[in-house]
Amino acid sequence: MTDSTSTSTGAVLDRARFGADGLLPAIVQEESSKDVLMLGYMDREALRRTLTEGRVTFWSRSRREYWRKGDTSGHAQYVRGAALDCDDDTLLVTVHQVGAACHTGAHSCFDVDPLDPVTASAPADAPTGSGDAAEPAAGSDR
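Computed from a prediction, not measured in an experiment: that's the story for all the values here. Numbering of residues begins from 1 in every chain and follows the order in which that chain's sequence is written. Residues qualify for local features only when their pLDDT is at least 70, as the model is predicted, and side-chain atom pairs are given and counted only at 80 or more; totals for whole chains, interfaces and linings, by contrast, use all residues. The side-chain figures draw on all heavy atoms in the structure; neither hydrogens nor water molecules are used.

**Considering the side chain of S60**
A helix here means a DSSP run of H or I that spans at least four residues, while a strand means a run of E at least two residues long, and both kinds are numbered starting from the N terminus. With respect to the helices and strands, the residue S60 is situated in strand 3 (residues 57-60). Engagement of the side chain of S60 in a polar contact is seen with the side chain of S62, the distance being 3.4 Å. Polar contact is defined as a pair of N or O atoms within 3.5 Å, subject to the rule that within protein one atom must be able to donate a hydrogen and the other to accept it, and that residues adjacent in sequence are counted only when both atoms are side-chain atoms.

Put into structure tokens, the structure is as follows:
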């Protein structure tokens, strides 16, 4: 690891806003399909390992230990990118997924129980873009 990698990893670790339980939600997305595969949780050490080792590491809330996706199943997640959200309190990890992401054997944990919500379309005159005027200002608590 180079000094610049250490510095940038340290800066990310300091910037990340872990919850009161010390955990950061981590959304895992497949690089090739853009499918959302799963949601896991990372503490500071799991985030450090994920950013520096090239494999996704989570903190198991039930077993109270670190686990690296694929170590027992062979269904590994290789890090291709990572980004904190605009509030620094959620991580998106882009991965190359080998095998199924879900412990049930499904491709994605969200393939297991699809819901049937009522859907809506935006009005034709709705503004386009990434922002929403009704959204709180950057840096405000949401």
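**Focus: the sheet that holds strand 5 (residues 77-84)**
Across the sheet, which stays open at both edges, the four strands sit in the order 2-1-6-5 with mixed pairing between neighbours. What marks the edges here is a single partner per strand, and that holds for strand 2 (36-42) and strand 5. Pairs of neighbouring strands in the sheet enclose a mean axial angle of 30 degrees, with direction left out of account. When strand 1 (residues 24-30) meets strand 6 (residues 91-97), the two strands line up parallel, connected through five bridges. Bridge assignment links V28 to a residue of strand 6, and that residue is V93. We call two residues contacting when some pair of their heavy atoms lies within 4.5 Å. Only C-alpha atoms enter the line fits that serve as axes; for helices the fit covers just the stretch in contact. Angles between N-to-C directions range over 0 to 180 degrees. Against the sheet, helix 2 (residues 44-53) makes contact with strand 1, strand 2, strand 5 and strand 6, and its axis sits at roughly 130 degrees relative to strand 2, the strand it touches most. What makes two strands pair is DSSP finding at least two bridges between them.

**Some words on the side chain of T90**
Here T90 lies in the loop between strand 5 and strand 6. Look past the residues within four positions of T90 in its chain and what remains in contact with it is L24, P25, I27, A83, L84 and D85.

**Considerations on the nonpolar core**
For this analysis, a nonpolar core means a set of buried residues of the types Ala, Val, Leu, Ile, Met, Phe, Trp, Tyr and Cys, connected via side-chain atoms within 4.5 Å. Exposed residues in this analysis have more than 50% of their type's maximum accessible area, buried residues have under 20%, and partly exposed residues fall in between, with area computed by a 1.4 Å probe over protein chains only. Of all hydrophobic cores here, the largest spans 18 residues; its most connected members are M42, L47, F58 and L91. Of all the secondary structure elements, the ones that give two or more residues to this core are helix 1 (3-15), strand 1, strand 2, helix 2 and strand 6. Setting aside residues up to four positions removed in sequence, F58 forms contacts with A26, V28, M38, G40, Y41, M42, A46, E65, Y66, W67, K69 and Q77.

**Examining a nonpolar patch on the surface**
Like-charged residues within 9 Å of one another, or nonpolar side chains (Val, Leu, Ile, Met, Phe, Trp, Tyr) within 5 Å, are grouped into patches, provided each residue has over 30% relative accessible area and no salt bridge. Exposure was quantified through the Shrake-Rupley algorithm and a 1.4 Å probe, taking into account, for residues, occlusion by the shown protein chains and nothing else. What makes a salt bridge here is a side-chain nitrogen of Lys or Arg within 4 Å of a carboxyl oxygen of Asp or Glu, nothing more. On the surface, a nonpolar cluster with roughly 400 Å² of combined accessible area is contributed by I27, V36, L39, L92 and F110. The residue I27 is located in strand 1 in this model.

**Section: the packing of aromatic side chains**
Under the pairing criterion, centres of Phe, Tyr and Trp rings, with the six-membered ring standing for Trp, must be within 6.5 Å; the plane angle then separates stacked pairs below 30 degrees from edge-to-face pairs above 60, leaving the rest tilted. Taken as a whole and assessed by the stated rule, the structure comprises two aromatic pairs. A ring pair is formed by F58 and W67, whose centres lie 4.8 Å apart and whose planes are at 35 degrees; its orientation type is tilted. Overall, F58 belongs to the buried group, its relative accessible area being 0%. Aromatic side chains W59 and Y66 sit 4.9 Å apart centroid to centroid with 70 degrees between the ring planes, which places their arrangement in the edge-to-face category. Exposure remark for Y66: the relative accessible area of 29% places this residue in the partly exposed category. For a lysine, the NZ atom is tested; for an arginine, the CZ atom; a charge sits over a ring if that atom is within 6 Å of the ring centre and within 35 degrees of the ring normal. The ring of Y66 is capped by R49, whose NZ or CZ atom sits 4.2 Å from the centre of that ring. In this structure, R55 packs its charged tip against the face of Y78, placed 5.3 Å from the ring centre.

**Looking at unusual backbone geometry**
For K34, which is not a glycine, the phi torsion comes out positive at approximately 70 degrees. As for its position among the elements, K34 is in the loop between strand 1 and strand 2. Positioned with a positive phi, D88 is a non-glycine residue whose angle comes to about 60 degrees. Inspection of the secondary structure puts D88 in the loop between strand 5 and strand 6. With a relative accessible area of 17%, D88 lands in the buried category.

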